[in-house]
Each structure stands twice: as structure tokens, then as C-alpha cells.
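Results of the structural survey
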Amino acid sequence: MSSLEVTAPDKTSHPDLSELSAESLYEKCNELARNLWWSWHTDVVNLFRDLDPVRWRQLDHNPMALLREFTPERLAERCTELVLFTRINQAYRRLKEYMDTADQSWAATNAGVLGAHPVAYFSAEFGIHESVPIYSGGLGVLSGDHIKSASGLGLPLVAIGLFYDQGYFNQLLDIEGYQTEEYVDTKVENLPMEPAQGQDGKPITVAIDTRDGQLLAKVWLMRVGRVKLYLLDCDVEGNSPQDRQLTSRLYGGELRTRVRQELVLGVGGVKALRALGIQPGVYHLNEGHSAFAPLEVIRERMTDDGLSFDEALREVAQRTVFTTHTPVPAGHDRFDGGLIEEHLGPLRDQLGISYEQLMGLGRVEPQNEGESFCMTVVGLKLSRRANAVSSLHGQVSRRMWSHLWPWRVEEEIPIGHITNGVHVPSWLAFQMQNLYDRYFGSNWMRDMGSPETWEGIYDCSPGELWETHNALKNLLLEFVRRRVSRQCRRRGESEEVVEAARRVLNPNVLTIGFARRFATYKRADLLTTDMDRLAELVNNSKQPMQVIFAGKAHPADEPGKQLIKKIDNLRHDPRFAGRIVFIEDYDINVGRHLTQGVDVWLNNPRRPLEASGTSGQKVVLNGGLNLSILDGWWAEAYNGENGFAIGNGTQHVSDEVTDQRDAETLYQVLENEVIPLFYERDAHGLPQEWIKRMMNSIHTLAWRFSAHRMVGDYTLHAYLQAAGGISCEMSMR
Ligand SMILES: *Cc1c(COP(=O)(O)O)cnc(C)c1O
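Quick caveat: nothing in here was measured; it's all calculated off a predicted structure.

Analysis parameters
Residues numbered from 1 in each chain as written. Predicted model: local features only at pLDDT ≥ 70, side-chain atom pairs only at ≥ 80, totals over all residues. Heavy atoms only, no water. Domains from an automatic or database assignment. Helix = DSSP H or I, 4+ residues; strand = E, 2+ residues; numbered from the N terminus. Buried < 20%, exposed > 50% of the residue type's maximum accessible area, 1.4 Å probe, protein only. Contact = heavy atoms within 4.5 Å. Salt bridge = Lys/Arg side-chain N within 4 Å of Asp/Glu carboxyl O. Phe/Tyr/Trp six-rings, centres within 6.5 Å; stacked < 30°, edge-to-face > 60°. Lys NZ or Arg CZ within 6 Å of the ring centre and 35° of its normal. pLDDT = per-residue confidence, 0-100. Pairing = 2+ DSSP bridges. Axes fitted to C-alpha atoms, helices over the stretch in contact; angles between N-to-C directions. Parallel < 35°, antiparallel > 145°, perpendicular 65-115°, else oblique. Nonpolar A, V, L, I, M, F, W, Y, C, P; charged D, E, K, R; others polar. Near = heavy atom within 4 Å. Polar contact = N/O pair within 3.5 Å; in protein donor to acceptor, adjacent residues only side chain to side chain. Core = buried A, V, L, I, M, F, W, Y, C linked by side-chain atoms within 4.5 Å. Right-handed = clockwise from strand over helix to strand, strands pointing away.

**What about the domain arrangement of the protein chain?**
Assigned domains of the protein chain: these are domain 1 (17–100), domain 2 (106–420 + 712–724) and domain 3 (440–705). Here domain 1 and domain 3 have C-alpha centroids that lie 35 Å from each other.

Shown next as C-alpha cells:
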């Protein structure tokens, strides 16, 4: 131990030493803050938090912003007060060691061939941490989890995205409960990113030709563990004032903005890789937004290697993996011929193909002039391997796109599936991790993909598991009360209302969580189908329940906003006041609290529209139980004893009938299964059968629905074949 760890640097007697140490301490903290590796290491998160807990919360848990408020001297003082030197040095050493040991990773053994030619992973959003607002929801969180696991597995992978300086929006409900959107400029200096450098050591700007002039984008580098994430940003000199705002907002604006953003992501992304000197062996298009990318790669191959368009297309498709994420029609971007010609015209000239040929690539029926250009279609046509994100979604997607391969039977449509998973270190509560450390052995994370690892949960005493869960539930309730009272105050409600908000919910009551995008097919209001029946459940004198809601509606989704209003207004009904709450501004932070603390996670989409869903997987890790329609991941996860199912996996042709039936089944399952089981207590007050179900859930699901398993599957079933020129289609069914 160095003397610094026990005594304050003495400025008067050792001026040089103290200055040096304060500087190096400050530098170490900054280096930790500049790699998002910190975000999935609770001890490092806590280290930053301890520097100034109040500012930490106010600054959205952003260590870059926090450190900017410290001088090296004040930081050193603070560290002395709190004896933080050892923790900082340890964290710093761990980061260094992590960065230096990729050669001992899973991928070093299993995916060595990707070494010199990494996977280039394209996504329109990345949800890594609440302090980096370049995501809107599920797709972004999935991309974030994908690259974190790629880092953990040591997979050679670089990621490409867009930098949105206003991100998605902050959700504020007005006094009526109607959603309003607030856009805030992100301070670039508070984000862990730097200008990416080209091979000549200079910052990179890429230029993309359109019929209407050139579009420029600069490139940022963000470090996510061992993975480098490159973000393109159109706010550069040389762009028109309007184009400087092109990448300001996620999914904002009309179709022309949308096609231009996707041009920057796909074509600009490939150009950025070239300027960086990176030669990918595999291109993974995560959703259709980036599906222009292969066209630019084809151009490169034609120019560099003298291939014909058809030859280049075949070779590029061989290296391309495409993942489709939704069966909902609005989730598939479509552009008319005018927008396509304006934006891809110059590239089309270089490819030497006609307007009709280009349009044909984005059409199900190439010759059909009435058909617009669909990003999913071009993604499917320009990739040799395509997949959906759950088993059921695979079936649905094969049916949905069967007309692209009219000569094949449905089972042979070449769309496989790799079910989504979550990044365990990011979503697992620290208290649960401690429990697992004790029962699974301290190296369990290394073996988390194996079911045997999780068998250890049955060795845990039921009382201990229950206590740990309840500690997390109490933290959630504290969080909810803080947020609900804050939002009442902001809306200018009376002191009485604000005070009442500090006492909402009861820790002894069965607590149900529902948080997701307020798209209508997710049916946030299914529980309110019969208000009297809901009131009976909520107010039952012996076995009550309470519900926490959260979620944003897309700014243009009026029906979604009406749903939010309807749920929020339940607080004015005395039967529900203080028992059903809506928390504003669902984000990764709210998601983490909710999925770590609820007893039950409710998911009731209109089947089969939920491609996968991942929030319920976060709940599994933390001991909550899923109550869900047999859709998405739950259709393959539920085994009768590891949670609860709503219905039997069927749906009626009429949505109205389906909704009525599902509501009835939901009430029945709550009344007959969920609620009685939760309140069935032994002499010590423990719900033994419930706890058994928690253990079953953890044992049967945690290992399967992790992002490490998911990225492992992508590697073994898609990336390696794509890189090695193996031409079989993805056979994951
Ligand atoms: C996990 C997560 C999602 C995705 O969950 P779904 O089950 O697909 O709704 C969306 N938003 C946030 C903030 C999340 O943390």
C-alpha cells in the first residue's frame, strides 16, 4: 500500500509529490470515465457516485460531467476524505487488465479468423447508459447490450451509429396527463467521445454525394470496453444549416430526413470505415435503417477489384448479415422513387445500374412500379444470412416475406432466428450479484452461458432470496415516490398532492410493473378493460395489488399519447390513487430500477406482434416473475413453472375479440394464480411456492436469454460463415 492511501498529500512539505499525485489521480478517474466499461461495473459506478452523490443524480449519472466540476486538487481532497485511493487504483488496474487480455477471451479461441477483419455492426441507435442519450428504446438497448457482450467475449467488432446531439426526447406529462416532448442539446464535452482519427492522424470527415449536392459527416469515437463505436455527425461546417441538424434527433422529422439519416448511417458508415483503415470481414445490419451500406461496399469492390456489379453483389451479400426486428408494418421504412434517386442516384451511376434495377432491389416484385423502396427488402436481398429475433418471430417473418422467394415453401424461406438476450452485468442488481457470487462461486460470470452455473440458485435459502428481492423492491418504491412527487411538483400541483405522492405504494403489496413504448399493439390499457374488476383487485382487503407504469409514445403517435393520458389519469380515481402510478421519462435508469424491483413484470402485446422483448429478461436476472402473453421470447421461454402465461398462444382474426379474450384471461390468471400464490405464506411469512418459481425462473432462463449467448450464437451461426465464405443459409430454427 502506498502512503497516499492512508494519509492526505501534504502540500506544504511535499509540493511536488502532491501535485503529481493529484494530477495522476485525476487522470486515472478521467480515463475510467472515458471508457463506458465503467457503466457495467457497479463498484466503479459507486466510486463516481461517492465523489458527490447529489450532483451524481442531478447530472444523470454522468462521470464526465461530474469530473468537470472537480479540480485535481479538490478531487484529491475528496478522495482523502473518503479513502478512495485504493478503489480508484484497483478500478484503473482492472480496466487496464481487461483491455490487455482480449487474447485470452472466448473469441480468441472460437473466432480467431475474425481477427484481422472484424465484424462491422451497424445500428441507428445504441443504448449503453442513461448518460449517453443516443437511443430511444428496445432496439437501442439491444445494440448496446450486443456490443457490451462482444467486448466481454473479446469479439473483434467495431460498431457504427449516428451521433444525435439532441438524442430522443425527454417526456413530460402536462397537468392533463398528455405527453409533451422536450429536446435538450447534449454537451459534447460531457460525453466519453473524441474525434476519430484517420490513418493520417487527422480527424475524419466523410462526404456523400446526392443529386442535390454533398452531405458531410464527421466521425466520433466512443469506447465501450474493448469495442470501438464510431458515430457519424452531420453538424459540420460545409453542410447547409438544415443539414447541420440532420442528425440532431432520433427518428425525428419526415421521410426526407429519414432517408438522409439512413444514407449517412449506411453509405457514410462504410466510407468512415475505409477512412479509418478498417477492412471488415462481416457486415451486420441491425435492422433496415443501415441497409444502404452493402451498396457502398459493392461500389468499393467494383472500384478496387474490378468486379462486375453482379459479382460484387454476390460477394458482398456473402459477407452481410441482416437482422429484422419487427413484424409491425410501420417498423419498415419505405421510400418513394424520387427520394431514392435523389439520394442514391450518384452511387447508382457508379454502380452502373439503372433506376429500375436499383428500385427493384427494394421491391418485393422488382418490376412493380407501384411499389416503393423498402429498407427491409433491400436488407434481405443484399444479405446471404438473415434472422429474426425469436423463434416465433422467425416463423412470422418467413411468412411475412415468403413472396420474396415465391418458389420456396414457407419452411424454407431463408430467415432464421437468434433470440435476443440482455447484458447480464448491466442489468443485474448488485445485491443479486452478491447472492450469486456466494452460491455460484465467484467466477460464475465466466460460465454464465451454462445451465449448470444457475443450478446453484436452489442452494440458496428461500428466506435469503426473498429478503434480497424485498430490499430491491424497497429501493424501487423509494425511487418511484421520489419521481412521482417530483413530477407533481413540476406540474404545479398543490403541496398536498406532492406530499401524497411521497407516500404512494405499499412495500407489502404485490407490485406489478409495466414499462415499454406506448405503441397501441402493446395494449398498456388491457388491465383497465374492466375498471370495476381492476378496482377489486387493487383494493382487495387481504390480497391487494399495485401497478407501476412507464413508457414514451413516439411524438407522432397520437393514439399512444391518449393511452398514456388514460393511464396517468387513473390517479384521479380514488379507487386507484396511490396504487396505480405512472412514472415519466422511461429510460435506461427507470428501466433498471423497475426490472430490479418488481414482483411481476406484465407484458400483454397483441400476439404475434412483439418480435422478442427484452425487459422481461432483465426481470428474470433479478428474481421477478414474468406474466406475459405467449409472444416474442416468452413463447419459447415459458415452461409452466417459471412464471405465468396469459392465454395459450392463439389469437382471433378480429383484434377486438382477441383483446376481449386476452383481458378476460389476464384477470383470471391474476385472480386464480398470481395473487393467491404471492400471498400464500408459511409460518415465517415466506411465500415458499412463489420463491420456488423465482428459482425456476432464474435457473431455466437466465443462461439462455443473455446477450453473451446471443452474441455467441451470432458468431457461431452467422459471423464465422459470412467471414469464411461458407455459403449455407442460417439454419437456426
Ligand atoms: C430493456 C429496455 C427496452 C426494451 O424492452 P421491451 O421488453 O422490448 O419493451 C426498452 N427501453 C428501455 C429503456 C429498456 O431498458
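**Comments concerning the environment of Trp633**
With respect to the secondary-structure elements, Trp633 resides in the loop between strand 19 (625–629) and helix 26 (634–637). Residue class for Trp633 comes out buried when judged on its relative accessible area of 3%. Discounting chain neighbours no more than four positions away, the residues touching Trp633 are Ser390, Thr419, Ser612, Gly613, Gly616, Gln617, Val620, Asn626, Leu701 and Phe705.

**A look at the pattern of salt bridges**
Pairs can form between side chains of opposite charge whenever their charged atoms are close. Counted by the stated rule, this structure contains 51 salt bridges. Put simply, Arg256 and Glu342 hold a salt bridge, and the shortest N to O gap is 2.6 Å. Of this pair, Arg256 sits in helix 10 (residues 255–276) while Glu342 sits in helix 13 (residues 337–351), and the two are 86 residues apart along the sequence. Overall, Arg256 belongs to the partly exposed group, its relative accessible area being 27%. On the basis of relative accessible area, Glu342 is assigned to the buried category, the value being 18%.

**Examining the packing of aromatic side chains**
One pass over the full model with this rule turns up 26 aromatic pairs. A centroid spacing of 6.2 Å and a plane angle of 25 degrees characterise the contact between Phe48 and Trp56, whose relative ring orientation is stacked. Classification of Phe48 as buried rests on a relative accessible area of 1%. For Trp56, a relative accessible area of 5% corresponds to the buried category. Look at Phe440 and Trp454: their rings are 5.4 Å apart centre to centre, the planes differ by 70 degrees, and that puts the pair in the edge-to-face class. Pair noted here: Phe440 is in helix 18 (residues 430–440) and Trp454 is in helix 19 (residues 451–455), with a separation of 14 residues, a long-range link. For Phe440, a relative accessible area of 14% corresponds to the buried category. In this structure an aromatic cluster arises from ring pairing among Trp466, Phe644, Phe678, Tyr679 and Trp690. If you follow Arg516 out to its NZ or CZ, it ends over the ring of Phe514, 4.7 Å from the centre. The ring centre of Trp427 lies 3.9 Å from the NZ or CZ of Lys618, which sits over that ring.

**Remarks on the confidence of the model for the protein chain**
With 96% of its residues at a pLDDT of 70 or more, the protein chain shows a mean pLDDT of 94. Overall, residues 1–19 carries pLDDT values under 50, and its contacts beyond four positions in sequence, including any with other chains, amount to 16 contacts.

**Remarks on the sheet that holds strand 19**
The strand order 17-16-15-18-19-20 describes an open sheet built from 6 strands, whose pairing is parallel. The open sheet has two edge strands with one neighbour each: strand 17 (580–583) and strand 20 (644–646). Adjacent strand axes in the sheet meet at a mean angle of 20 degrees when their direction is disregarded. Relative to strand 17, strand 16 (residues 545–550) runs parallel, the two being bridged by 4 bridges. Looking at strand 17, one finds that Ile548 is bridged to Val581. In the packing of helix 27 (residues 655–679) onto the sheet, the strands contacted are strand 15 (510–515), strand 16, strand 18 (600–603), strand 19 and strand 20, and the crossing angle to strand 20 comes to about 165 degrees. Packed onto the sheet, helix 28 (residues 688–701) meets strand 15, strand 18, strand 19 and strand 20 and runs at close to 75 degrees relative to strand 19.

**Let's talk about the pairing of strand 4 (residues 179–182)**
When strand 3 (residues 170–173) meets strand 4, the two strands line up antiparallel, connected through 4 bridges. Within strand 4, the residue paired with Leu173 across the bridge is Gln179. Linking strand 3 to strand 4, which pair antiparallel, is a turn of 5 residues; within it Gly177 sits at a positive phi near 95 degrees.

**Observations concerning the packing of helix 20 (residues 462–490) against helix 28**
Their axes nearest at 10 Å, the elements helix 20 and helix 28 cross at an angle of 80 degrees. With respect to their mutual orientation, helix 20 and helix 28 come out roughly perpendicular. Across the interface between the two elements, Pro462, Leu465, Trp466 and His469 of helix 20 pack against Gln688, Trp690, Ile691, Met694 and Met695 of helix 28. Residue composition of the contact of helix 20 with helix 28, grouped by class: 7 nonpolar, 2 polar and no charged.

**A short note on the site of the ligand**
Around the ligand, a shell composed of Gly137, Gly138, Val141, Trp427, Arg516, Tyr586, Asp587, Ile588, Gly613, Thr614, Ser615 and Lys618 is seen. The contact in question runs from an oxygen atom of the ligand to an N or O atom on the side chain of Ser615, over 2.5 Å. Taking Lys618, its side chain carries an N or O atom lying 2.6 Å from an oxygen atom of the ligand. When residues of the shell around the ligand are assigned to domains, at least three fall in each of domain 2 (106–420 + 712–724) and domain 3 (440–705).

**Observations regarding the nonpolar core**
Counting 139 residues, the largest nonpolar core has Ile147 and Tyr719 as the members making the most contacts within it. Sorting elements by how many residues they give to this core places helix 10 first, with 9 residues. When residues of this core are assigned to domains, at least three map to each of domain 1 (17–100) and domain 2 (106–420 + 712–724). Dropping the residues within four chain positions of it, Tyr719 is found in contact with Leu114, Val119, Tyr121, His146, Leu155, Leu157, Val282, His284, Val321 and Tyr714. Leu602, Tyr667, Ile691 and Leu701 belong to the second largest nonpolar core, which has 77 residues in total.

**Topic: the pairing of strand 19**
Strand residues, when the strand is regular, have side chains that alternate between the two faces of the sheet. Among the 5 residues in strand 19, 5 count as buried, and that is most of the element. Of the two faces of strand 19, the one carrying Leu625, Leu627 and Ile629 and the one carrying Asn626 and Ser628 are both buried. Where strand 18 lies against strand 19, 4 bridges are found, and the strand directions are parallel. Opposite Trp601, over in strand 19, you have Asn626 as the bridge partner. Of the crossover connections in this fold, the one passing from strand 18 over helix 25 (residues 615–621) to the parallel strand 19 is right-handed.

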